Amino acid sequence: MRILHFVNSFGVGGTEIQLLRTIPIIRRDGWEHIVVALRPPVTLQRAFVEQGIPSRLLLSARLNPLTQLVKGVASLMRLVRIERPAILHTALFPANLIARIVGWLAGVPVVEHLVNILYDPLWLLEPQMKPYKFAAQYRLDRATSHCVQHFIAVSEAVKKLATSKLAVSSAKVTVIPCGVFPEEWVTPDARDTNSEQLVTTGRLIAQKGHRYLLEAMRSVIATFPKVHLFIIGDGPLRPELERMIQQLRLEKQVFLMGAKDPKEIKSLLWKAGVFVFPSLSEGQGVALLEAMASGLASVASAIPSVKEIDPEGKAILLVTPGDPESLAEGICHLLASPQKRKAMGECAQSIVRERFDLRKLALRWLDVYEQVLSS
């Protein structure tokens, strides 16, 4: 059986990296995989090729939405006729829309991966998401959702929104969380339980809540003058965050590190004392899983997807989303409690090993494929 995976690009994103790590696990006897990207960038394409995974780029340049849709449908239809996949497995809009149309026209079942909190009002805070675009995308998404045979949601929170926003049956949605390879994140040396370094990882966009973390740092520094915060990631809000750091006079203790490769991220996590996850909205939060796998205690926003990761609250200290005071209190509480941090970190590693090992979760993709093909 051949599965054609269709994504927006070969850019370095959570969805693309998860796909790159998953396919080698599910590429077994009887299952072939090809990865197709709609448009540039092509940063990760070489990584797929090095793994022996065939890859294709449909369009050589970014186009306006209507032209992209027309050319994308035509190009994918031609490729489907050549490759004759048993299933189209798609993720992210507009790849989803194109795959739905092609699947319907070609009679190929579509499995769609849902990775975001659907149509969150926070999307409107991003410069590229205008209100008319938001509304049009929602209407198209809902109107064509019947073309999908089955959905995979990365969390129960995402599934709940899929059933309400897209009006799809709960029976058509299977929850399979994203995962990591836990052993890759374990620190090779004993962790410094007295470390006053804070780390957060995520794109510099509004939904990640960085501005509230910067506001919280004033109170944290008042209690722990030697504390340092390392913000890993890049994005459109970087200039705004740089201005905030200057206005709040945090230049000596808060550092925007930019995008880092996994090796550099691990190094920062291993030296840290607390991981901070101030997101206002998340489909799941792989960055949080990576920090937990490294043995870090975390302070995180009490949003539904985060609560699912640690429902008993043994590894993550939950705080009020978008509240700098609550965030500061949580950070200070953990910085003042080295032994509690150690216990939380050990519990975090146990949770990741037991529930978020990618090797176990990836095999559930095959169960969905078999269910779709048998029906």
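Throughout what follows, the structure given in this document is the object of discussion. (Residues numbered from 1 in each chain as written. Predicted model: local features only at pLDDT ≥ 70, side-chain atom pairs only at ≥ 80, totals over all residues. Heavy atoms only, no water.)

1. Quick look at the sheet that holds strand β1 (residues 2-7)
Strands sit in the order β3-β2-β1-β4-β5-β6-β7 across an open sheet of 7 strands; the sheet is parallel. Looking along the sheet, the strands with just one partner apiece sit at the ends: β3 (55-57) and β7 (173-175). Between one strand and the next, the sheet's axes are offset by a mean angle of 20°, whatever the strand orientation. Where strand β4 (residues 87-91) and strand β5 (residues 110-114) come together, 4 bridges link them in parallel fashion. Each residue of the ladder has a partner; that of T90, found in β5, is E112. Packed on one face of the sheet, helix α1 (residues 14-26) meets β1, β2 (32-37) and β4 and runs near 165° to β2. Sitting on the sheet, helix α3 (residues 65-83) is in contact with β1, β2, β3 and β4, with an inclination near 165° to β1. (Pairing = 2+ DSSP bridges. Helix = DSSP H or I, 4+ residues; strand = E, 2+ residues; numbered from the N terminus. Axes fitted to C-alpha atoms, helices over the stretch in contact; angles between N-to-C directions. Contact = heavy atoms within 4.5 Å.)

2. A short note on the sheet that holds strand β10 (residues 254-258)
Spatial strand order, β10-β9-β8-β11-β12-β13: 6 strands in an open sheet with parallel pairing. The open sheet has two free edges, formed respectively by β10 and β13 (316-319), since each of these has just one partner strand. The average undirected angle you get between the axes of adjacent strands in this sheet is 25°. With 5 bridges connecting them, strand β8 (residues 197-201) and strand β9 (residues 228-232) associate as parallel partners. Pairing of T200 across the sheet is with I231, part of β9.

3. What to know about the pairing of β13
Note on strand geometry: in a regular strand, side chains alternate between the two faces of the sheet. By the bridge criterion, 4 bridges tie strand β12 (residues 297-301) to β13 in an arrangement that is parallel. Residue pairing for β13: S301 is matched across the bridge by V319. Crossover connection from β12 via helix α11 (residues 304-309) to parallel β13: handedness right-handed. (Right-handed = clockwise from strand over helix to strand, strands pointing away.)

4. A closer look at the pairing of β1
Among the 6 residues in β1, 5 count as buried, and that is most of the element. One ladder, built from 6 bridges, connects β1 with β2; its direction is parallel. Each bridged residue has a counterpart across the sheet, and for R2 the counterpart in β2 is E32. Since β1 and β2 lie parallel, the crossover through α1 that links them has a hand, and here it is right-handed. Sheet analysis places β1 next to β4, joined by 4 bridges and oriented parallel. If you follow I3 over to β4, its bridge partner there is I87. (Buried < 20%, exposed > 50% of the residue type's maximum accessible area, 1.4 Å probe, protein only.)

5. Here we look at α1
Taking 1.5 Å per residue, 13 residues should reach 18 Å; α1 reaches 18 Å between its end C-alpha atoms and fits that length. Listing the buried residues of α1 in full gives T15, E16, Q18, L19, L20, T22, I23, I25 and I26. Where α1 is buried, its residues contact β1, β2, α2 (45-50), β4, α10 (286-293) and α14 (358-374). (Expected span 1.5 Å × (residues − 1).)

6. A short note on the packing of aromatic side chains
Summed over all chains, the structure comprises 6 aromatic pairs. Ring centres of Y119 and Y138 lie 5.1 Å apart, and the angle between their planes is 70°; on these two criteria the pair is classed as edge-to-face. Taken together, the residues span a long stretch of sequence, with Y119 in the loop between β5 and α5 (131-144) and Y138 in helix α5 at a distance of 19 residues. The class of Y138 is partly exposed, set by a relative accessible area of 25%. Following the ring pairs from residue to residue traces out a cluster consisting of Y119, F134 and Y138. (Phe/Tyr/Trp six-rings, centres within 6.5 Å; stacked < 30°, edge-to-face > 60°.)

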